[in-house]
Amino acid sequence: MSIRLTTSTPRRAVGVVVYDTPAMNDHPAPPSLATPYRSHTCGQLRPVDVGVTARLAGWVHRRRDHGQLIFLDLRDRHGLTQVVIDATESPEAHERASLVRNEFVVMVEGTVAKRMAGKENLDLPTGEIELRATSVEILSEAKTPPFYINEPDAPVDEALRLKYRYLDIRREPMQRRLLLRSRLVRAIHEVHQDHGFIEVETPDLIKSTPEGARDFIVPSRLQPGTVYALPQSPQQLKQLLMVAGIDRYYQIARCFRDEDMRGDRQPEFTQLDLEMSFVDEATVMAFVETMAIEVSRSTVPDRPILQVPFPRFTYDEAIERYGTDKPDLRFGMELVDIRSALVDVADHPMSTGFAVFDTALAEGLSVKAIVAPGLAGASRREIDELVETARRFGARGLVHVAVDEDGVRSPIGKFVGDRRLKIIATEAGAGPGDLVLIVADTAAITADVLGRLRVHLGERLGLTDPDVLAYCWVHRFPMYQWDDEHRRWDATHNPFSGVLPEDLALLDTASGDLAVRSPGDPAGRARAMQYDLALNGWELGGGSVRIHRRDLLERSFALQGQSVDGMRGKFGAVLDAFEYGAPPHGGIALGIDRWAMILSRQTNIREVTAFPKTQSGTDLMLDAPSAPDPGQYAELGLRYVGLSEREVGPGSR
């Protein structure tokens, strides 16, 4: 028997039931969701609807054939409703339902009935009712999917999920995350509109300018030999909007960066971009904090914010205490300087007897520790794993001291003695049952290794409450970092960031000539009016109060190795605009993908992106990137000459 597909015009929809009392108004779909194919969504019907004639349309989530009775679980993005087709009541509908399989798209019509006592499914909002179908029409057939749609927890290879992303999105986890992302963006719009911001769209074809990553370039057909760049961010454009008098701008902006992929990075991404005029650092941070609180409470009202107002750390404080500029505040385990414990002993005050510590003290290196709660009883294998992890993070070794009820023990005890071990444990803040982990190296390596080890142990020991949202600010970043290869100062954030007023005089070189730069320049001590917002150990975004004077911007560009012609070529529009009256201004950009990822308890932005790329930048579903048609190169006056072996590199496509 062949399956008849519906091709005729759908019948008139059954009218939407309207409820008058507030108690009954919590579930009806808005009238706009009723169509000729449905009167209600698959998540809408409730016991109050018993006796109502309804029409539903959706995908067959699961089919159960009990002979005379066929049960269809019908699904759309709003929910799932059980449909019952009884051969004695509706033989034609039963015959049609016998042809249905999972993921067929069907339209059913019937009467809402209460489920039999004991057969309710209280896990579903619609679990107390069922639709007794009198009509079943197949709107579309479906092949057997390459993975189970109706088993959300079934493991599926990610490459398969990405190849059939349109099927993966049908699954409940992906739909839930995309709906959360939609709520997030909606809340962002509402808060900005309520605070006097104007939404302005900026172009996606712009001039290529240095922003810290490679540009994606687009050759111009109308002007052969020239290219556009896809924006890494709307940085210059939003500053020009401030010069234009927009005062408060925001945009959900699409951005593009040709860089290596990782869990929180894609070649194309979305960010909340905003800029404000006549502001200082505190003004921008205050608004962004208010906005983040309102958006979080609107999007995930069940997740508590750890601390309001958000804690604030200078960059130096964050590195000193947490080893990172994006600290996870959901647990303690702060870094502790224990150098005083190594010298404050009456006997042998200048020597610990342990060569690693003695060398560190003599060379002025950093010696810091973290305390892992409850790990004093760790096995030799577990300790070896921690040592290997620390080495993978960049340490040359890892010293441990276990604190028991009876005292302290450590492999270095034979060198430093029990008395000094006890002082180390006390200085680190360890108690019975704790394990002290120590790294001695340069300040940068010690902080980085212990900071990463802290995060590793926080997750391993279950110290990171998955429900809590721990926002914090990190500000007062170094203005520049030295690039020894090019003999210049590179901006640590972006080249437009302003300097703290008290550090303005530091924007100079030791030679007095901005073209003759060295690592000892005063510029290396300058601090920027930059600020990052971190959430649960991730950098959510960063911004700054900008330089708004042409002379000062040119000075900063010169320290960054830009010639006068180079400045004009890359930043001419901004430099010119600043000569026509530029207000003090500042802003920030927050990653929408990353924010949605954290709010949905994921660790990879592919899980909150509808159609992401793989680690190699490939779209498995659309098979992109791909070779262009031969005529496309010719239209642009281009031909492909290939890449050298060095340019291709390992792993390139």
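Coordinates for the structure precede this section.
Quick caveat, the model's predicted, so the values are computed rather than measured.

**Some points on the pattern of salt bridges**
And step 1. Across all of its chains, the model carries 49 salt bridges by this definition.
And step 2. Salt-bridge contacts for aspartate 484 lead to arginine 487; the nearest nitrogen and oxygen are separated by 2.8 Å.
And step 3. When its relative accessible area of 38% is taken as the criterion, arginine 487 is described as partly exposed.
And step 4. Among the salt bridges present, the one from arginine 550 reaches glutamate 579, with a minimum N-O distance of 3.3 Å.

**Some remarks on the sheet that holds strand β20 (residues 530-535)**
And step 1. The strand order β6-β9-β10-β22-β21-β20-β17-β11 describes an open sheet built from eight strands, whose pairing is mixed. Strand pairing shows two members of the sheet lacking a second neighbour, β6 (198-199) and β11 (312-314), which therefore form its edges.
And step 2. As judged from the two bridges shared by β6 and strand β9 (residues 248-256), these two strands associate in the parallel manner. Its bridge partner being in β9, isoleucine 198 is matched across the sheet by tyrosine 249.
And step 3. Lying over the sheet, helix α4 (residues 172-194) contacts β6, β9 and β10 (268-277), oriented at roughly 150° with respect to β9.
And step 4. Here helix α15 (residues 592-599) sits on the sheet and contacts β9, β10, β17 (471-475), β20, β21 (538-545) and β22 (585-591); the angle it forms with β21, its principal contact strand, is near 140°.

**Here we look at the packing of α4 against α15**
And step 1. Running from N to C, α4 and α15 point in directions that differ by 125°, and their axes come no closer than 10 Å. Classed by the angle they form, the pair α4 and α15 counts as oblique. Where α4 crosses over α15, the two elements pack in a sense that is right-handed. Every residue of α15 that contacts α4 at Leu180, Arg181, Leu184, Val185 and Ile188 is listed here: Ile592, Asp593, Trp595, Ala596 and Leu599.

**Some thoughts on empty space enclosed by the protein**
And step 1. Going through the model one piece at a time under the given rule, you end up with one cavity of 30 Å³ or more.
And step 2. Of the voids in this model, the largest cavity is the one considered here, and its volume is about 40 Å³.
And step 3. Lining of the largest cavity is provided by Leu162, Arg165, Ala610, Phe611, Pro612, Asp619 and Met621.
And step 4. In terms of residue class, the lining of the largest cavity is made up of five nonpolar, no polar and two charged.

**Some words on α15**
And step 1. Burial runs high along α15: eight of the eight residues are buried.
And step 2. Those residues of α15 that fall on the buried side of the exposure criterion are Ile592, Asp593, Arg594, Trp595, Ala596, Met597, Ile598 and Leu599.
And step 3. The first or second residue beyond α15 is arginine 601, which carries a positive phi of 65°.

**Some remarks on the side chain of aspartate 619**
And step 1. Along the chain, the position of aspartate 619 falls in the loop between α15 and α16 (630-636).
And step 2. Of the buried charged residues, aspartate 619 lacks a salt bridge, with lysine 613 as the closest side chain of opposite charge at 4.6 Å.
And step 3. At 2.9 Å, the side chain of aspartate 619 and the backbone nitrogen of leucine 622 are in polar contact.

**Considerations on the pairing of strand β2 (residues 69-76)**
And step 1. Within β2, seven of the eight residues are buried, which leaves the element mostly enclosed by the surrounding structure.
And step 2. Bridge analysis of strand β1 (residues 53-66) against β2 gives seven bridges, and the strand direction is antiparallel. The residue bridging tryptophan 59 from the neighbouring strand is arginine 75, located in β2.
And step 3. Turn length for the β1-β2 hairpin, with the two strands adjacent in sequence and antiparallel, is two residues, and the turn residue glycine 67 shows positive phi of about 80°.
And step 4. With eight bridges connecting them, β2 and strand β3 (residues 79-86) associate as antiparallel partners. Following the sheet pairing, leucine 69 is matched in β3 by aspartate 86.

**A closer look at the sheet that holds strand β14 (residues 399-404)**
In a beta sheet, neighbouring strands pair by backbone hydrogen bonds and run either parallel or antiparallel.
And step 1. The sheet built from five strands is open, its strands ordered β12-β13-β16-β14-β15 with antiparallel pairing. The outermost strands of the open sheet, each flanked by one partner alone, are β12 (336-337) and β15 (407-409).
And step 2. Where helix α9 (residues 355-363) meets the sheet, it contacts β13 (366-372), β14 and β16 (435-441), and its direction lies at approximately 50° from that of β16.

**Here we look at the nonpolar core**
And step 1. Judged by nonpolar contacts, the single largest core of 42 residues is most densely connected at Leu274, Val288, Met291, Tyr471, Leu533 and Trp595.
And step 2. Looking at this core, the elements that each hand over two or more residues are α4, β10, α6 (281-299), β17, β20, β21, β22 and α15.
And step 3. For this core, the leading source of residues is α6, giving eight residues.
And step 4. Not counting chain neighbours up to four residues away, the residues in contact with leucine 533 comprise Val288, Ala292, Phe310, Tyr471, Cys472, Trp473, Trp538, Glu539, Leu540, Gly541 and Leu590.

**A few points about unusual backbone geometry**
And step 1. Put simply, valine 308 and proline 309 share a cis peptide bond, and its omega is 0°.
And step 2. When you line up the elements, proline 309 lands in the loop between α6 and β11.
And step 3. Here alanine 624 and proline 625 are connected by a cis peptide whose omega angle stands at 0°.
And step 4. One can find proline 625 in the loop between α15 and α16.
And step 5. With phi around 55°, phenylalanine 278 is a residue other than glycine that occupies positive phi space.
And step 6. Despite not being glycine, methionine 333 shows a phi value in the positive range, around 55°.
And step 7. Overall, the relative accessible area of 11% leaves methionine 333 in the buried class.

Rules of the game
Residues numbered from 1 in each chain as written. Predicted model: local features only at pLDDT ≥ 70, side-chain atom pairs only at ≥ 80, totals over all residues. Heavy atoms only, no water. Salt bridge = Lys/Arg side-chain N within 4 Å of Asp/Glu carboxyl O. Buried < 20%, exposed > 50% of the residue type's maximum accessible area, 1.4 Å probe, protein only. Pairing = 2+ DSSP bridges. Helix = DSSP H or I, 4+ residues; strand = E, 2+ residues; numbered from the N terminus. Contact = heavy atoms within 4.5 Å. Axes fitted to C-alpha atoms, helices over the stretch in contact; angles between N-to-C directions. Parallel < 35°, antiparallel > 145°, perpendicular 65-115°, else oblique. Left-handed = near helix turned anticlockwise from the far one by under 90°. 1 Å grid on protein atoms, 1.4 Å probe; cavity = no way out; pocket = protein on both sides within 12 Å on 5 of 7 lines; lining within 4 Å. Points joined across faces, edges and corners; volume = space filled by probe spheres on them. Nonpolar A, V, L, I, M, F, W, Y, C, P; charged D, E, K, R; others polar. Lys, Arg positive; Asp, Glu negative; His and termini not counted. Polar contact = N/O pair within 3.5 Å; in protein donor to acceptor, adjacent residues only side chain to side chain. Core = buried A, V, L, I, M, F, W, Y, C linked by side-chain atoms within 4.5 Å.

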